[in-house]
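Geometric and topological summary
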Amino acid sequence: MGEKISFFRRPAVQTIIASILCAVLGIFIGYIILLTMNAEHATEGMQAIITNFFKFSGNSTVLMKYMGSFLVKSMPLILCAEAILFAYKAGLFNIGAAGQYTVGIIASLYCALALGWNWFLCVVAAIAAGALWGFMAGLLKAYFNVNEVIAGIMLNWIGLYLCNIIIGGEKCMNQTKSETFDIVAVNPSAILPGFIQDFFGGNKYTTIAIPATIIIAIAILVVLNKTTFGYELKATGHNKEAAKYAGMNAKRNIILTLVISGAISGFAASQFYLTGMEHYTISASVPGMGFSGIAVAFLGGLHPIGTIFAGLFVEYITLGGQYLNTNYYNPQVADLVIAIIIYLCGFVLFFKSVVNRPAKVKVNANAEPATKSAKAEEKEV
């Protein structure tokens, strides 16, 4: 009969407690920053961030409409976190998710605006683009021993500049407004099918991206924990040489891991930009989704379902910063508070290791050594 594990020693319980501690600590530090900036309105400011769109609770239609928009904006963040989680579980740190997300933007918007494809083909193109970017990082890692972090960072910037060049062209971007054309006006067939829009107060941006994200998370959970393929990926990531000795194709598994992770990141881009909620503008920095996704994955305890809730929390706090009164605070203070909360999430595993640290065993100096006792017993026999 196995030894009974105490409630606080269970991995799921520790993950939940550690995640809550990180979130609360982040909010507390944010509150202290607000106090140092303007003590008189600090409580009001933090209340605005935490209350968020629930300030419209008096009007259920408006509330649900804002909630729908909140879910739409959360989906790409959650999907990028799932992509990072998938690679991490296989022993790889896919910091290139941001670049894979960026090339997903290129594929989905170019196919929608320049080529006039329907939504399904645009999504497939985004998945293929992200997979290709992941393949390049995997190829460099498997055959040339280039660290996936270095390869990912380089590909991030290459993806960004390609996106600015391709999407910034006349076929996709309205040069007078410096933003991409409205997909609804140019090619309505490229917009993702709606998802219970009436329930969300008639929000036209709520699409199948919401259920698709949940399906992806469940699929990752099943593949990693219930399939031979998932076991091979994890085995290769933890010890490439041992996996080779066991007859596994280590190079193939490394490439496959980053291809799948990249495909999910590319899919994430299509699930946001093909809603028509936001237009792409020329950017000087890599999308934050890929980097915030790292914090979300760790806040979720590196569990596909926990990552969904972590992504919702991070996006909720991010959107809450928009309600901070800029008459009392510099607008960038909200971003600072949010950044602290997000990146503090990376300490989830640290808190878990502290909790699991073995207790020091007191040694009785007068006690007879175990080896000596054993020898005495042998003589008696």
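The following refers to the structure shown. Predicted, not measured: the structure shown is a model, and the values here were computed from it. (Residues numbered from 1 in each chain as written. Predicted model: local features only at pLDDT ≥ 70, side-chain atom pairs only at ≥ 80, totals over all residues. Heavy atoms only, no water.)

1. Points about the packing of aromatic side chains
Formally: The criterion for an aromatic pair is that two Phe, Tyr or Trp rings (for Trp, the six-membered ring) have centres within 6.5 Å, with stacked assigned to planes under 30 degrees apart, edge-to-face to planes over 60 apart and tilted to the rest. Each residue gets one of three labels from its accessible area relative to the maximum for its type: buried under 20%, exposed over 50%, partly exposed in between, using a 1.4 Å probe on protein chains only.
A full pass over the atoms with the stated rule returns twelve aromatic pairs. When the ring of F272 is compared with that of Y273, the centres are 5.2 Å apart and the planes differ by 80°; the resulting orientation is edge-to-face. Of the residues examined, F272 reaches a relative accessible area of 5% and is grouped as buried. Using a relative accessible area of 7% as the deciding quantity, one classes Y273 as buried. Members of the aromatic cluster, connected to one another through ring pairs, are F53, F54, F70 and Y316.

2. Re the pattern of salt bridges
The test is simple: When a carboxyl oxygen of Asp or Glu is within 4 Å of a side-chain nitrogen of Lys or Arg, the pair counts as a salt bridge.
What the rule picks out here adds up to two salt bridges. A salt bridge links E148 to K141, with the nearest nitrogen and oxygen atoms 3.2 Å apart. With respect to class, E148 is no different from K141; both count as buried.

3. Comments concerning helix α2 (residues 42-51)
Selection criterion: A run of H or I in DSSP becomes a helix once it reaches four residues, and a run of E becomes a strand once it reaches two; helices and strands are each numbered from the N terminus. The arc under discussion is defined with respect to the helix axis, by the directions toward the C-beta atoms.
For α2, the complete set of buried residues consists of A42, G45, M46, A48 and I49. Buried residues in α2, looked at end-on, bunch into an arc of 155°, giving them a common side.

4. Here's the deal with the layout of surface pockets
Which parts of space are left empty comes out when a probe the size of a water molecule is rolled across the atoms. To keep things clear, this is the line we draw: Lining residues are those with an atom within 4 Å of a point, where the points come from a 1 Å grid over the protein atoms alone and group into cavities, where a 1.4 Å probe fits but cannot get out, or pockets, open sets with protein on both sides within 12 Å along at least five of seven lines. Grid points are joined across faces, edges and corners, and a volume is the space filled by probe spheres set on the points. Gly falls in the polar group here, along with every residue not listed as nonpolar (Ala, Val, Leu, Ile, Met, Phe, Trp, Tyr, Cys, Pro) or charged (Asp, Glu, Lys, Arg).
Looking at the largest pocket, its volume works out to about 730 Å³. Around the largest pocket, the lining comprises 31 residues; the ones closest to its centre are F272, E278, P287, G288 and M289. Elements supplying a minimum of two residues to the lining of the largest pocket: α3 (60-89), α4 (97-114), α11 (250-273), α12 (289-299), α13 (304-320) and α14 (331-344). Residue contributions to the lining of the largest pocket peak at six residues, all from α14. When its volume is computed, the second largest pocket comes out at roughly 370 Å³. Every residue lining the second largest pocket is counted, 16 residues in all, and those nearest its centre are T15, I16, S19, L299 and G300. Mapped by element, the contributors of at least two residues to the lining of the second largest pocket are α1 (11-38) and α13. Examining the composition of the lining of the second largest pocket, we find that seven residues originate from one element, α1, more than from any other. Residues of the lining of the second largest pocket, tallied by class, amount to nine nonpolar, six polar and one charged.

5. Here we look at the side chain of S265
Put simply, the rule reads: Any two residues whose heavy atoms approach within 4.5 Å are treated as being in contact.
Among the secondary structure elements, S265 is positioned in helix α11. The class for S265 is buried, based on a relative accessible area of 0%. Not counting chain neighbours up to four residues away, the residues in contact with S265 comprise A83, A97, Q100 and Y101.

6. Focus on unusual backbone geometry
One non-glycine residue, I196, lies in the positive phi region at around 35°. Within the secondary structure, I196 sits in the loop between α7 (183-186) and α8 (209-226). Unlike most non-glycine residues, L302 shows phi in positive territory, near 55°. Its location among the elements puts L302 in the loop between α12 and α13.

7. A look at a nonpolar patch on the surface
Applicable threshold: Each patch is built from residues that are more than 30% exposed by relative accessible area and take part in no salt bridge. Like charges join if they lie within 9 Å; nonpolar side chains (Val, Leu, Ile, Met, Phe, Trp, Tyr) join within 5 Å. All accessible areas in this document rest on Shrake-Rupley with a 1.4 Å probe, and a residue is counted as covered only by the protein chains that are shown.
A contiguous nonpolar surface patch, about 640 Å² in accessible area, is contributed by I153, W157, I158, Y161, L162, I165 and I166. Looking at where I158 falls in the secondary structure, it is placed in helix α6 (residues 148-167).

Note that all results are geometric; they support no functional claim without further evidence.
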